[in-house]
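Results of the structural survey
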Amino acid sequence: MKKILHYLGIVLLAVHVSAARSEDAKPLHFGVINQRSVSLTAQSWNPILAYVGKKAGVPLVLKVGKTAPETTDMTERGEHAFAYTNHMFTPERDKIGYRVILRLQGEPIRGVIVVREDSPFRSVQDLKGQPVAFPSRDAFVGYWLPMDYLLKSGIEVREVFAGNQEGAMSQLQFGQSAAAVNKKLLDQYSSREDLRFRVIWTSEPYLDIPVMAHPAVPAKLVEAVREAFIGMSQDPEGQKALHACANALQSRNLWSFARAEDKDYDNYRRFYQNTVVKGE
Amino acid sequence: MSLADRFNAAWAGLSLLLRIATVVGTLWLAGAIFMVGLIAYQDRSGLIESDEAKAKRVLLLAAPMVAEQAIIGDYAAIKQMLERQATVYAEISLLRWRWEGHQDVAVNVTTSLDRPPAWFRGLVNIPVQRHSSLISLGGVSYGVLEVLLDPSVTELRLWRESLANLLLILGAVVGLLIVLLVMLRANTRALGQLADTADRFRQGEHAARIRVSGAREVRAAALAFNSMAERMQQLFGQLSESRLQLREQLHFTEALIEALPVPMFFKDTEGVYVSVNRAWEEFFGIPRARIIGRTARDVFPYAPEIAVFHEQKDEDLRRNPGTQVYAIAFSRQDGKEIEAMYSKATLADAEGRLTGLIGTVIDLSELKQAERKAQEALIEKTAAEHLAQVKSEFLANMSHEIRTPLNAVLGLAQIGGRENAGRKSGETFRRITEAGQHLLEVINDILDISKLEAGQLKVEKRPFSLPAAIDGVVNLVAARAEDKGLALSVRLADDLPVWVEGDTLRLTQILTNLLSNAIKFTGHGEVRLSVAREKEAIYFRVIDTGIGMSEEQVARLFMPFEQADSSTTRQYGGTGLGLAISRDLARLMGGDIEVESHPGEGSSFTLHLPLPEADAPENPVAPVASGGPRLTGISILAAEDVEVNRLILEDMLGHEGARLVFAENGRQVIERLEAEEPGTFDVVLMDIQMPVMDGFEAAQQLRSLAPALPVIGLTAHALAEERDKCLAAGMVEHVTKPIDVELLVAAICRHVRCIAQASEQEAVMHEPVSSVAQEPGKDVIDWQALVARFKGNMAFLRKLAESVLQGHGQNPAKLREAAEAHDFPELAFLAHNCKGLGGNLMARSMHELAGLTEAAARGKSEEAVELAMQLVPLLESLLAELTTYLADTENV
């Protein structure tokens, strides 16, 4: 059933993309994995999508679900021509064919397990039986990496899913014993929301979330989008969009996109093949 | 009736309380409504703002949720969410999301609320509010959210709030009104009480007072009323008292008018009688009942012309209000002729309007008759007075005219008598003299009586020696008593004063008269004079053993020209004026003469006079020796125009040893004196009536020409004023003609050192002064003379001696002191005292020596000291003699 839907999506997208091309103004959906609330996601991504769409000559419309799994489902169904996600490296999803075209420049990302600064828990061992907040079952650095470690270390915890990264951080701030989150996002959140925390476990580093293109999107269009993203930081208009994004996130660091290749994320694929964590 | 009138009528009927309630209630109600409106207006603005805020809040809440669902594309969720939001506020009537080209979601809410009245809605006019919000995220529009607000909810809320406010404020207004009315009612009750009390007061309950309570003003009103009531009660009391007094006064006035013996009437302005008094009824013989309400014509029905006259007079008075007096003669109804005086006055009321007239009628008939009689009497009296005056002047002139020739007659007779003494012609001259003197007495009596009648006689008050005066009188009559073989005795009381104040001349005249009469009317037996003192009065009693008088005779005794019997005149002679004059003189001097007599038993005449004791005069008259040439060495200038008189004077004074030079008028006197050396003449005798220059003028001129030269006036006028005029002209004395040589010599000697005194002085001077007092056996006082002088009145002498010892006992020492100190004024004073003492006590040597001493002391001569030292032993001897006398006579 899933497969039927999957293919139907590809067909639909293809029709859609072709239609867009033919009419030159048919918008393409851009999926963004739910790291923040839908509104904040829209506020931060809409200026970038508007610029890139304009630059690439095809309108890009943000399309997300209520939660990361819902968005991932949409991506799985082929509803997104482009998707900013790192959930598509599982062996199952890898088969759909989304290809990495870009990645956010900067430090690689790591998963961390953190407690509040005043927490009595000193090590991961202390978390045994404790409720731990996770963004979602699909979150790579927020769930797969720490859970894999916990499982391999024999530490059983009570899983609490918050829907997205900031949701998990918010859970830690207002109740849960610990949270497993993307360190980079944590730093942004903590400075914005004044969360005082202590890291008790850090994962291996992984490249940040990539922008992937649906296999049905013509290569030329993909390339145009890729070029638009990459040239953004050098273009005053692009900079304006990036500033709007940073303002929405209340961050001083401007995003910058770099060319990336699909093989750059093979370590994700390898992890999924070796992990003890059961997916859905 | 207009609406305004109706309102006014209704308003007038309202009590004060209701008026206040109506006005205040209306005002407060209006205020309440205005306040509710004001609050509603403020609420309306607030509610509109609040609605707007609600709309914005809904938009603010719903917009991000709508945006999120729009990004996700969950439109069903958007509808659900909008439906939920639309019910949050009742005001929301529509919530709609429109995304152009995508979706249009609208939620309508219908309300079924009560609605306020249309007028209220119209009044508050809440607008329909429409608010919308553009939804945009990251520069991408997600449509428009719109909200529509229904005004009816706000209208209803405002209506309810306003109603609640209105009720609340109305409640407060009613509450306040009730409080106000309760408060006011307490005070209006006091006002009601005030009205009630005032009414009671008006009805006569003057003790009614208000209980003071309520607000300050009401209390003040009550207090004011009470104080007014108090004052009015007092006033009512006073009023009724005054009314009572007024009634009494009115009654008194009526009674007075009724009782007045003067006929009175009152008429109104028409001349109608209003009332008359009893005297009027009696006067006119008409009872008042018959005349009140009628006019003058009814008083005089028989004489219309009289009535008309009165009416005209009334009319005149009415025209010129005031008083009116007129006299009228008419016949009364009973036929009596009446002369009456009408006095009328107009009567006016308080405003000055004429109300009538009042009149009195005075019957002048008797008065007129009396007046006529008085007139006649007056004429008679004037005539009598004139007659008296003429008589008096006639007598005075007569006296002068008779005296002048009598002076000549007597003078010549005296000369004749002296020169023919011892011969028969000498006896004839003596008889001429006696007859002349008798004539002079008669003239003097007539003069006196006429002066007394004319009130021209004046008595003087001067100190005189009472014993000397008595002595003089007794000397005068002693010869006559002796002639008739009568015993004349004098008894003086022990306490008689020596010096008294009075008229010695008149006393002598009265006593002489009384003693003369007693001697005259006593055939044999004795005549006795006893003098006694009772307080200030001296009683002189002359008792005889003569013929006596009947009561009838006594009654007529003091009438002028009367004697006890006309036969008496024939038998005893006399003018019959003596007693009348004596009594008038006694009365003039403040005393009187009383008589006690029985026929055949003799008579007793008592003269009593107020003769107060007096101090001895400083220079008592020195006694002058009688007989002999007393004026030897005196040079006299005499002015006399009548030759006979000059002859008499020359004889009289020449006989006394004086050198006489004559002038015929005043001018000649002046010329003579101017021609002669000063000191040529010792004295001037001045006749008054002379040609060329009379005596007065000459005396006046002499005052400046020779001030030291004494001038003695000689006049035939015996009147007192003549003497005063003489003294005023500068004369020192006044001697009346016919001239009595004794009197004239005495007068001259009073002012010139005469031989009578000089001889004594010379005697003293010739003897060694020191031997005067030291010569043993010879007294300083001439005791014989002294006892004779006081008629052997030992008591009187003793008293005199005591008085002298008491008053002069210290004088020898004082004299000595003054002499040693050469104190001339003191010496003069003491010597003067001694001179008087010597004169009085007949101590001639001392009198002379003292006189010399005084003169020397006044001239501040050292001789005075020596003389004073000689005077001291004399004075000491005199005092010793008096002491001895007192000791010798002590047991007598």
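For the structure itself, look to the data block above.
What comes next concerns the included structure. (Residues numbered from 1 in each chain as written. Chains lettered and ligands numbered in written order. Predicted model: local features only at pLDDT ≥ 70, side-chain atom pairs only at ≥ 80, totals over all residues. Heavy atoms only, no water.)

A closer look at the overall build of chain B
- For chain B, the helix and strand inventory stands at 30 helices and 21 strands.
- Among the 892 residues that make up chain B, the fraction classed as buried is 41%.
- Counting contacts in chain B only where the partners sit at least 6 residues apart, residues at least 24 apart contribute 64% of the total.
- Counting only carbon and sulfur atoms, one obtains 56% of the accessible surface of chain B, whose full area is about 47400 Å². (Helix = DSSP H or I, 4+ residues; strand = E, 2+ residues; numbered from the N terminus. Buried < 20%, exposed > 50% of the residue type's maximum accessible area, 1.4 Å probe, protein only. Contact = heavy atoms within 4.5 Å. Areas by Shrake-Rupley, 256 points an atom, 1.4 Å probe, with all protein chains shown as cover.)

Notes on the overall build of chain A
- Along the backbone of chain A there are ten helices and eleven strands.
- Every one of the 280 residues in chain A was classed for burial, and the buried ones make up 55%.
- Sequence-distant contacts in chain A: of pairs separated by 6 or more residues, those separated by 24 or more amount to 78%.

So, helix α2 (residues 16-72) of chain B
Residue and element names in this part refer to chain B.
- Relative to the 84 Å expected for 57 residues at 1.5 Å per residue, α2 spans 82 Å between its end C-alpha atoms, a close match to the ideal helical length.
- Within α2, the axis deviates most sharply at Ala62, by approximately 30°, and proline Pro64 lies no more than four positions further along.
- Backbone geometry just downstream of α2 places Gly73 in the positive-phi region, at approximately 90°. (Expected span 1.5 Å × (residues − 1). Bend = angle between axes of the 7 residues up to and from the residue.)

Some remarks on a negative patch on the surface
- Together, Glu817(B), Glu820(B), Asp823(B) and Glu826(B) make up a region of like negative charge exposed at the surface.
- When you line up the elements, Glu820(B) lands in helix α27 (residues 811-820). (Patch = residues over 30% accessible without salt bridge, like charges linked within 9 Å, V, L, I, M, F, W, Y side chains within 5 Å. Salt bridge = Lys/Arg side-chain N within 4 Å of Asp/Glu carboxyl O. Lys, Arg positive; Asp, Glu negative; His and termini not counted. Charge placed at Lys NZ, Arg CZ, Asp CG, Glu CD.)

Regarding the sheet that holds strand β2 (residues 103-108) of chain B
Residue and element names in this part refer to chain B.
- Pairing is antiparallel across the open sheet formed by four strands, whose spatial order is β2-β1-β4-β3. Edge positions in the sheet fall to β2 and β3 (129-137), since each of these pairs with one other strand and no more. Across this sheet, the average inter-strand angle for adjacent strands is 10°, counted without regard to direction.
- Across six bridges, strand β1 (residues 92-99) lies against strand β4 (residues 140-149) in antiparallel orientation. Residue pairing for β4: Trp97 is matched across the bridge by Leu145.
- Of the strands in this sheet, β1, β3 and β4 touch α2, which is tilted by about 30° from β3. (Pairing = 2+ DSSP bridges. Axes fitted to C-alpha atoms, helices over the stretch in contact; angles between N-to-C directions.)

Notes on the interface of chain B and chain A
- Contact with chain B, which involves ten residues of that partner, is made by eleven residues of chain A.
- Between chain B and chain A lies a buried interface of about 870 Å² when both sides are counted; carbon and sulfur atoms form 58% of it.
- A salt bridge links Asp74(B) to Lys66(A), with the shortest nitrogen-to-oxygen separation between them at 3.3 Å.
- Between the two partners, chain B and chain A, sit four residue pairs in polar contact (both at pLDDT 80 or more).
- Broken down by secondary-structure element, the contributors of at least two residues to the side of chain B that touches chain A are α2 and β4 of chain B.
- For the side of chain B that touches chain A, the leading source of residues is α2(B), giving five residues.
- A class-by-class count of the residues in the side of chain B that touches chain A yields six nonpolar, two polar and two charged. (Buried area = accessible area lost by both parts, 1.4 Å probe. Polar contact = N/O pair within 3.5 Å; in protein donor to acceptor, adjacent residues only side chain to side chain. Nonpolar A, V, L, I, M, F, W, Y, C, P; charged D, E, K, R; others polar.)

Some points on a nonpolar patch on the surface
Residue and element names in this part refer to chain B.
- A contiguous nonpolar surface patch, about 370 Å² in accessible area, is contributed by Val23, Leu27, Trp28 and Leu176.
- Among the elements that make up the nonpolar patch, the one with the highest residue count is α2 (three residues).
- Its location among the elements puts Trp28 in helix α2.
- A relative accessible area of 31% means that Trp28 is categorised as partly exposed.

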